[in-house]
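# An overview of the molecular structure
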Amino acid sequence: MTEAVASERDERVPGRRWTVRLDAAERGSNAVRVTCSRPSCAPQRLPSPAAGRAAAVSHLKAHLKATAGPRERAYCACRAESCHTHIRSADRQARAQPWRCGGAVVLAVLTDREGRWWQVLECCSRCAAATPGAQIVAPAQAPTPQAPTAPAPATAGRPATTAAGAPRFSDAAAPDGGPRPVPSPRSVPARRRRTTGKIAQRVVPHDLQPVVLRDELVELGDLFRAYQQRAEPDLALLADLHERKARAFHTWAEVTGDVDLGLEARRAEQASAAARAQHLQRVGGGPVGDGPAVARLLTVPAQWQHARSVLAHAGDHSPLPGPEARLLTVMLTLRTAHTGAGNLVGQDITALGLTDPEALVERLTGCDWLRVPGTAADLLASRPENPTPVTVPSLVPGEDGDGPFAFGKKVRPKLSGWAQKVVSDKKLRKAKAPAGARLLALTLAALTLADGRLGPGGRGVGLESLAAWCPVDPGELPHLVDLLSAADWVAEAALTDTCLTGRLTERVLPLTCPLL
């Protein structure tokens with residue numbers, strides 16, 4: 001059997017194979033290089049991956065157009081390499097079985113999912129069918145027509161031979177000595193085709209009503225896929241697409257009653273707001289696109305959300321009442337958020353405007369919320385060259401490694417630096433602002449719009465929401481607002497029984513975490 005297979009292979013010509021590749025031209029650049037395994041093809045350099053992919057596909061099509069179809073006596077190129085494209089490497093017994101290859105020889109095109117290489121293969125139809133993602137671009141050539149002979153008695157009245165391209169029937173034997181032609185796929189009648197599409201990994205039902213919603217979802221899916229093929233991002237266009245997607249998914253959720261569709265719509269709204277904010281930052285525009293850009297200390301929306309999560313966590317887990325204990329809790333949480341441990345010096349605490357910092361530290365250590373190796377006096381006396389290690393047990397990650405916050409060790413010092421910058425503002429220090437005023441400034445910096453207006457939509461901050469993050473006495477709040485106004489922190493402030501309105505001044509806009 002081995003000798004027969006070997007002799008059969010020696011009598012046939014080897015199948016052709018060539019590859020077109022797309023690789024990065026150099027580091028730090030979008031340029032790509034297109035190469036072809038054929039020796040006569042010179043490499044090409046293109047400015048972007050999209051242009052390189054288009055050039056590679058065009059180069060491959062030119063080869064296929066200039067190349068003759070599969071040769072009748074060609075030996076399967078896939079079998080010549082032990083069929084490694086569709087047989088597992090561990091299945092060595094299967095590789096040795098010659099019956100796995102057979103059928104007419106065809107030209108097949110293989111590509112990877114990432115679109116980095118394309119390979120043309122002259123192989124048998126069995127290997128082409130078994131190879132994942134293979135597409136037949138040139139079927140086997142029809143055998144050369146033979147001279148017509150007299151029909152056999154059993155088939156009298158029927159044509160004995162059929163011209164090339166004419167229909168063939170299963171009861172008619174193929175001409176001797178030639179492979180059976182590979183039939184071309186049927187085309188689906190136009191009347192059976194339905195308007196379907198896919199968006200966000202969801203198939204749009206062909207019978208979805210109303211038809212306007214179905215068409216909108218199909219069109220949005222096509223637009224998102226077209227956007228992914230762009231060489232350069234357009235955040236304004238992306239924000240508009242997400243906004244349309246949010247409206248369409250809200251309607252889809254109402255029509256079908258699917259809760260997951262409503263959640264997807266909410267995520268699309270958040271993605272639209274984030275993309276629009278990033279676009280304004282890139283073009284140097286303000287909240288309406290025509291003002292000067294604000295160079296914020298925290299630069300991305302994710303960091304703004306993390307800052308608010310720390311303030312909310314401190315509000316829910318503060319071990320002691322009052323604004324002084326809350327301010328110290330926030331600052332210690334930011335110092336130890338990632339691992340539950342950190343280093344402190346005395347100035348980190350004395351600069352917060354606390355009435356009795358030593359007594360407050362003793363109260364925190366007494367309730368076991370804070371642990372220090374020595375006494376509170378030792379902590380306040382420590383200097384930068386010899387900091388004191390502290391631990392907050394409630395922030396130590398559990399056995400699964402998860403803590404109460406989602407940000408990592410690189411974001412934590414940025415958040416801590418932002419809070420330190422706010423509470424140590426020059427004008428607040430000059431006015432000797434108490435801890436309540438500094439905590440109020442920190443809270444308002446996280447509850448403002450991009451233009452400085454307070455609260456969601458610029459309508460102000462409700463006093464109940466404000467008290468959750470800044471637990472000051474209601475009777476003391478007007479005095480603290482006046483103090484922030486005098487320190488050029490808040491402008492146009494108006495305090496009612498239910499709400500605090502106004503805006504933060506341009507001086508402190510770099511310290512804000514805008515609401516999206």
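Conventions we followed
Residues numbered from 1 in each chain as written. Predicted model: local features only at pLDDT ≥ 70, side-chain atom pairs only at ≥ 80, totals over all residues. Heavy atoms only, no water. Helix = DSSP H or I, 4+ residues; strand = E, 2+ residues; numbered from the N terminus. Contact = heavy atoms within 4.5 Å. Buried < 20%, exposed > 50% of the residue type's maximum accessible area, 1.4 Å probe, protein only. Pairing = 2+ DSSP bridges. Axes fitted to C-alpha atoms, helices over the stretch in contact; angles between N-to-C directions. Core = buried A, V, L, I, M, F, W, Y, C linked by side-chain atoms within 4.5 Å. Expected span 1.5 Å × (residues − 1). 1 Å grid on protein atoms, 1.4 Å probe; cavity = no way out; pocket = protein on both sides within 12 Å on 5 of 7 lines; lining within 4 Å. Points joined across faces, edges and corners; volume = space filled by probe spheres on them. Phe/Tyr/Trp six-rings, centres within 6.5 Å; stacked < 30°, edge-to-face > 60°. Lys NZ or Arg CZ within 6 Å of the ring centre and 35° of its normal. Salt bridge = Lys/Arg side-chain N within 4 Å of Asp/Glu carboxyl O.

## Quick word on the overall build of the chain
From N to C terminus, the chain includes 18 helices and 15 strands. When contacts within the chain are restricted to residue pairs at least 6 apart in sequence, long-range pairs at least 24 apart make up 61% of them.

## Brief notes about the pairing of strand S7 (residues 117-124)
In terms of burial, S7 is largely enclosed, as seven of its eight residues are buried. Pairing analysis gives seven bridges linking strand S6 (residues 105-111) to S7, with the strands arranged antiparallel. Paired with Thr111 across the bridge in S7 is Trp118. Counted between consecutive antiparallel strands, the loop separating S6 from S7 contains five residues, among which Gly115 sits at a positive phi close to 70 degrees.

## Details of the sheet that holds strand S15 (residues 499-504)
One key point about sheets: their strands pair by backbone hydrogen bonds, in either a parallel or an antiparallel sense. Across the sheet, three strands lie side by side as S13-S15-S14; this open sheet has antiparallel pairing. Because the sheet does not close on itself, it has two edges, and the strands there are strand S13 (461-462) and strand S14 (490-495). In this structure, S13 lies alongside S15, joined through two bridges in antiparallel fashion. Each bridged residue has a counterpart across the sheet, and for Gly462 the counterpart in S15 is Cys499. The sheet contacts of helix H18 (residues 477-486) involve S14 and S15, and relative to S14 the element is tilted by about 165 degrees.

## A few points about the sheet that holds S7
Spatial strand order, S4-S3-S2-S7-S6-S8: six strands in an open sheet with antiparallel pairing. Each edge of the open sheet carries a strand with a single partner, namely strand S4 (44-46) and strand S8 (135-138). Across this sheet, the average inter-strand angle for adjacent strands is 25 degrees, counted without regard to direction. Of the strand pairs in this sheet, strand S2 (residues 17-24) and S7 are connected by five bridges, and their pairing is antiparallel. From the neighbouring strand, Arg17 faces S7, where its bridge partner is Leu121.

## Thoughts on the nonpolar core
Grouped together as the largest cluster of nonpolar side chains are 69 residues, with contacts concentrated most on Leu328, Leu370, Trp418, Leu440, Leu444 and Trp489. Ranked by residue count, the leading element in this core is helix H16 (residues 435-445), at eight residues. Not counting the four nearest positions on each side in its chain, Leu440 is found in contact with Leu466, Cys470, Leu477, Leu480, Val481 and Leu484. With 20 residues, the next largest nonpolar core counts Leu235, Ala239, Ala248 and Ala253 among its residues.

## Quick notes on helix H9 (residues 301-317)
For H9, built from 17 residues, the straight-helix expectation of 24 Å at 1.5 Å per residue is met to within 8% by its first-to-last C-alpha distance of 24 Å. Here H9 has its buried residues at Pro301, Gln303, Trp304, His306, Ala307, Arg308, Val310, Leu311, His313 and Ala314.

## Structural notes on empty space enclosed by the protein
Evaluated as defined, the whole model comprises three cavities of 30 Å³ or more. Put simply, the largest cavity is a space of about 70 Å³. Taken together, Leu328, Met331, Leu332, Arg335, Leu344, Asp348, Ile349, Leu352, Ser416 and Gln420 make up the full set of residues lining the largest cavity. Breaking the lining of the largest cavity down by element, the ones donating at least two residues are helix H10 (323-336), helix H11 (346-350) and helix H14 (412-423). In terms of residue count, the dominant contributor to the lining of the largest cavity is H10 (four residues).

## Concerning the packing of aromatic side chains
Applying the stated criterion to the full structure yields two aromatic pairs. Taking the centre distance of 5.3 Å and the plane angle of 20 degrees together, the rings of Phe405 and Phe407 count as stacked. There is no split in this pair, since Phe405 and Phe407 are both buried. Over the ring of Phe224 we find Lys245; its NZ or CZ atom is 5.8 Å from the centre of that ring. When the ring centre of Phe249 is taken as origin, the NZ or CZ atom of Lys245, which lies over that ring, is 5.5 Å away.

## A word on the pattern of salt bridges
Under the defined criterion, the tally for this structure stands at 21 salt bridges. A salt bridge links Glu385 to Arg383, with the nearest nitrogen and oxygen atoms 3.4 Å apart. Looking at Glu385, the relative accessible area reads 62%, which means it is exposed. The exposure class assigned to Arg383 is exposed, which follows from its relative accessible area of 53%. Close ionic contact of Arg507 with Asp425 constitutes a salt bridge, the shortest N to O distance being 3.0 Å. Residue Arg507 is located in the segment after S15, and its partner Asp425 is located in the loop between H14 and helix H15 (426-430); the two are separated by 82 residues in the primary sequence. On the basis of relative accessibility, which here comes to 31%, the residue Arg507 falls in the partly exposed class. Residue classification places Asp425 among the buried positions, given a relative accessible area of 8%.

## What about the side chain of Thr443?
Its location among the elements puts Thr443 in helix H16. Ignoring any residue separated from it by four or fewer positions in sequence, one finds Thr443 in contact with Leu466, Trp469 and Cys470.

## Structural notes on the environment of Ala493
Note that Ala493 resides in strand S14. For the pair Ala493 and Leu454, spaced 39 residues apart in the sequence, the C-alpha separation amounts to 9.4 Å. Not counting residues up to four positions away in its chain, the partners in contact with Ala493 are Val481, Ser485, Thr501 and Gly502.

All we've got here are geometric facts, nothing functional implied.
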